[in-house]
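These are the residues of each chain, in order.
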Amino acid sequence: MRKKITAFLMQAIVTMSLPLCLSGCSKPQKTPKEIIIKVPHTSTMNCIANEEIKNVYTLLDLASKDFKAQYDKDVRIKVIEFEGGEETKAITNCFGKSDAADILYDGFFNMSSFIHTGNVIPLDDVLTPEIKEDIYPVFLEQGEFNGKLYMMPYMSSENILIYNREMLEEYGLSEYIDEGEVISEWSIDDWTKILNTLADGFAKEGKGRVPMMMYAKDNQGDTHIMTMLRAFGGDLFDENNRFDLADNSKVIEALKWLQNGVDAGWYMSTPYNKTMSDNSSKFKMDELAFYNFNLGSSTYSRVIEDYDTETKTFSKYGFVNYPGNHCTIFNEGFEIFDNGDSEKIEIAKDFIRYFYETDKWLECAAGSIPVSQKVMEEYKDDILLLDAFSQNSVNSVDYTHNLPNWQGSDTSVRSIFHQEIASLMVEDASGNFAVTPEECAKNLEEKLNAAIDEGEKNSKLHE
Amino acid sequence: MKFSKNKRFYVIFIFFIIIVIFLVVYVYSIVTGNILENAAVDNISEVAVHDRNTITMFIEYNWKNQQRIGYRLKRHSQELKTVNQINEYLGLEAYESTFDKVYLLMEDGSYYTDVTYRKDDNVADYYPYMELFEGTDSYKVIGFDSLPVMGSDKVVIYGYRLIDNPKAGELSGIRIGEDRKQVYAVIGVCRRSSIVDGLVIENYVDDSGNTQGYSSVVNESGEYVVDRRDAAGSGSENLFDLIEHCDGSELSAADVQNKMLAGEEFYFYMEKNGVRELNYCSPLNSSSVNWYFIMSVNDKVMKDQTRLFVLLIILAMSAAVIVIIIAFVLTMIMQRRTQVAYAQEKAQSEFLSNMSHEIRTPLNGIVGLNYLIMNAIDAPEKHTQVKEWLKKSQNTAEYLIALINDVLDISKLQEGKVKINCAPTLVESLTEAVYSMQYDNITGREIKFIKDIRITEPCIQCDEVHIKQVLMNIVGNAAKFTPTGGTIKFSVSQESIDDTHVMTTFTCEDTGCGMNKEFLSQIFNKFTQDRSSTSNSIKGTGLGMAISKLLVNAMGGEITVESELNRGSIFTVEIPAEICEIPDYLKTELPADVKKASDNSGIGIKPQKILVAEDNDLNAEILMEILIQFGFEPVHALNGQEAVEIFERSKPNEYRIILMDMRMPVLDGCEASAKIRELDREDAKTVTIFACTANSFQEDRERALQSGMNDFLTKPIDINTLLRKIGNINHENNK
């Protein structure tokens, strides 16, 4: 009897499943794996080898199409641009979702924080002997953490300042201008004199010209503005890799110097409400004397136009280190994320491997400083300011120390930094600033170190 | 799998119910699916209207914001002379407003930003914002993939015209700058991401938290002003181009455009890259723009919602069906068990009641008859009557014995303790025995009793005792249920099965009252008696036919019955058996109808001494008296020990037969028999010892034989059987 009941119930279940199948079952189809590559919209490049490639998005889009054509698996590769500085939205907020990045191309200073999320996989196995032999070791080391390679370098740039020499000449500051492919080194007194001279002159003109870039509305200032905190010398970090600012007289002095620039007319009005783009636009319109420069920047084309290849001199522009005689070096390259699909990870690794093994994609880095020795060898004569950058590298400072929580959320170092600098620049109708340099230094130290502590606390490396 | 008619009915019934239920569920799921889809569309329309109103409010708010900027500008216009002053003023406006940037477009096409002042002097960064206001006298909103001042960010630009705008009122004619040019329009710039973030449809997310829908805003030309898909780097497209180049659309681009021009609210499905989307289109309720809000939701969302609901319905219905089926089956099982238990209880109750009645009635009769006999024993004139009473008393006592034997039989059969003891049996003798045993009973009722023997094999290996028991029961029943003047035909025939086996068929055909079909179907069940009016007067234990069937089946045979009410019945007993030679001891077997014991010459029994070991005085007295009446010389031993001693003291062969009660004090029958066999005298080995016991179980029989006894007599001892067995012994001894 029990058998009969069991058989009967089984028949009933089979019967029951019939309408279920009729109502929704369909033959499963295997869809190709989709790899998402994300790149910030601001990743412009000046590719010598292929002048049509003006940004990294185009480069990766073309490379991914070629990769797909030669790959033995059926894959879909989607290259997505996100707005510059929006890594939190485009990367962090997408973890665990279908639009999570499998590959990220970005600056190392942006990507280093993601290593501590545990989602970035080591790339040592992508680094074949041939690839490893070709890349300058110094760049590989900058992509390593705890002895493992997490960020694959592609090209490198040195951040310095570009200036409009015509403005300096106009206001009798020619003595400070160096000719040729030279990165000038000015003292802080030189800087003060130059900026004050220009500010006074521009103010009298009333044409809206200003001498110095300054911005605190977006988070881009960690690279440039933070470097200016070293204007009076000294390091920003202590031996424990924590910000040492509150009792750092040189930093406080630098903050005071920068704050004085507001009233001195060095910057555009309301600098706390200006973005890096505002400054970029102002410089391009010849209304700003000093602005950031590297070989990947959007002013590169103007510089090239200004460059006399015969005399190797510039007529409109000159180059100088940040006040304090510092520069920063940053690498750009790739990270691969583990989104829980080992097959996608393997495809992503295959793509990176393919990219580095294919000369036509590797040589696109030339224009900036390529990490590939063979590309460097081939294009070294065509890379602008290469020797100057090389000689100037001794002035570079490590501005991130690969610390966790550098960026990626509203409480990251980058976000906190620009808000505190904004406070430093805000003044009321009576001309009183919202915070003093000392208060700013104290706030910065407390909040930035808290962000790093939080990052270290939550740090986990990919297993 | 075999099903009875009832089971088959239940199975068919349940399947019918299941099929009906699932047909209903299937139809219901389809209907529900459509309803749910419509409900999903309604839900989307609600969300769309909400988002549309949010965007409309956002736009309207920005207009008002620009109006406020205009009023403040009017108030401060006199102070705004240099570029720096205007840059700073606009920087503060941007800082305080919802816009990322605020520009002032001048009447000559030049414009101020918070950073610079640009005019059309062939500078690459100049943008002709004046073109934005072509075709409108008040507002303008447009999306840009990039704007020089905003770097590479995608932006939405809100233009509020101050000149020749009938709604601008007093804001017309504001002049600023050193050259005091008129401000043509206030331009607000928003990064598109700030709007896009507000357009994620949180209501439609999958299990991973991914949004399966997005909102867009298109203008009257189909150009995307805001497109959620910007985040995917796909760039803005034209809706109408998109429709024309998609994989399939319910509406053509022209249809969609016409509906938009007509200001209709509508939706349509469009498929692209394998993704089917519902596009809900709703016009923005803005006086400033003819834009359409479009909410696109992956068809998968609605299917998932529908499927989930239908799945839940089906699971719920399935669970209900399973519960119903289980409940039904359990109910059936319980009902069946209850019925069986009730039937058994009823039958046993009836049986006990019947047994009680059956036992009490003859006992009362015996007691009453004894009373009558005692009172009349000394009255010679009542001698005939006394004899009649004695005969009735005997019959009643025999009935009681039969009754108890039946109960014992059914008990043994129920426990599987009945052992079939096959031995060479003369079929004709067996038939004759039954016939003769029932002859007086039947003919005495004035019923014609016919015997018909047609056999081919005279001797077969079978259990004679049990066959007789069955046949006696059948023929006895026929006698009971056949009225006076009727006929009972008792016949036996044989049919060869193979060379060594034969099927012996006993048939008892009567012209009695017959049985109805209902009773006929239960005739072989235990505790069953026909209680119809025809047979109400008939007494019985109700076990006879059940015992008969069990016995016949145990012997490998079959018992069947055909009956027609008021016409009679035919019982057929088929016994398969091995054919055997007639053993010598059967060749001289006495006929079953043994004559009266007093006629010693007829049975060849010499008067001889028989040792009777019986502890019950009454039984001993009766047995001894009967033996005396039949010419024997019985000697009574009170227990087994005494029997051994008497035998030990006797002369050789003084006792040729010992009737040994099984259960006795001091020394029981088996022990006594064993001791006798162990005695060192010749006749100790040859004396025939009959085990006499009320127990007729096989193990008793085996125990008796193992102790050295020769045969077995069931109490109360049937004198005819005893005499026949004694006759056989004497016959053997005389050979």
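Residues numbered from 1 in each chain as written. Chains lettered and ligands numbered in written order. Predicted model: local features only at pLDDT ≥ 70, side-chain atom pairs only at ≥ 80, totals over all residues.

Novice: Break down the overall build of chain A for me, citing the residues and quoting the values.
Specialist: Tallying secondary structure elements over chain A gives 18 helices and 14 strands in all. Taken over 463 residues, chain A has a buried fraction of 50%. Within chain A, contacts between residues at least 6 apart in sequence are counted, and of these 76% link residues at least 24 apart. (Helix = DSSP H or I, 4+ residues; strand = E, 2+ residues; numbered from the N terminus. Buried ≥ 20, exposed ≤ 12 C-beta atoms within 10 Å, placed from the backbone. Contact = placed C-beta atoms within 7 Å.)

Novice: So what's going on with the sheet that holds strand β22 (residues 633-637) of chain B? Residues and values would help.
Specialist: Residue and element names in this part refer to chain B. Ordered by their spatial adjacency, five strands build an open sheet running β22-β21-β23-β24-β25, and the pairing between neighbours is parallel. Every interior strand has two partners, whereas the edge strands, β22 and β25 (711-714), have only one. This sheet shows a mean twist of 25° between the axes of neighbouring strands, independent of strand direction. Against the sheet, helix α15 (residues 640-649) makes contact with β21 (609-613), β22 and β23 (655-661), and its axis sits at roughly 155° relative to β21, the strand it touches most. In the packing of helix α16 (residues 669-678) onto the sheet, the strands contacted are β21, β23 and β24 (688-693), and the crossing angle to β23 comes to about 155°. (Pairing = 2+ DSSP bridges. Axes fitted to C-alpha atoms, helices over the stretch in contact; angles between N-to-C directions.)

Novice: Please provide a residue-by-residue account of unusual backbone geometry, values included.
Specialist: One can expect most non-glycine residues to show negative phi and most peptide bonds to be in trans. Positive phi, close to 60°, is recorded for N405 of chain A, a residue that is not glycine. Within the fold, N405 of chain A resides in the loop between α16 (386-392) and α17 (413-425). Positive phi, close to 60°, is recorded for E446 of chain B, a residue that is not glycine. Inspection of the secondary structure puts E446 of chain B in the loop between α8 (427-443) and β15 (448-454). Here E446 of chain B falls in the exposed class, since 10 other C-beta atoms lie within 10 Å of it.

Novice: So, the nonpolar core: which residues are in play, and what are the values?
Specialist: Counting residues in each nonpolar core, the largest one holds 132 residues, and the members touching the most others are I103 and L161 of chain A. Split by domain, the residues of this core number at least three in each of domain 1 (33-157 + 330-395) and domain 2 (159-329 + 399-458) of chain A. With 65 residues, the next largest nonpolar core counts Y117, L132, V217 and L278 of chain B among its residues. (Core = buried A, V, L, I, M, F, W, Y, C linked by C-beta atoms within 7 Å. Domains from an automatic or database assignment.)

Novice: Can you break down the pairing of β21 of chain B residue by residue, with the values?
Specialist: Residue and element names in this part refer to chain B. Judged by how many residues are buried, β21 sits mostly within the fold: four of five residues are covered. Alignment of β21 against β22, held across five bridges, turns out to be parallel. The residue of β22 that forms the bridge with I610 is P634. Taken together, β21, helix α14 (residues 617-629) and β22 constitute a β-α-β crossover, and its handedness is right-handed. (Right-handed = clockwise from strand over helix to strand, strands pointing away.)

Novice: Before we move on, can you summarise the confidence of the model for chain A with the specific residues and values?
Specialist: Per-chain confidence: chain A averages 88 in pLDDT, with 93% of residues scoring 70 or above. Across residues 5-28 of chain A, where pLDDT falls below 50, the model places 24 contacts with residues more than four positions away in sequence or in other chains. (pLDDT = per-residue confidence, 0-100.)

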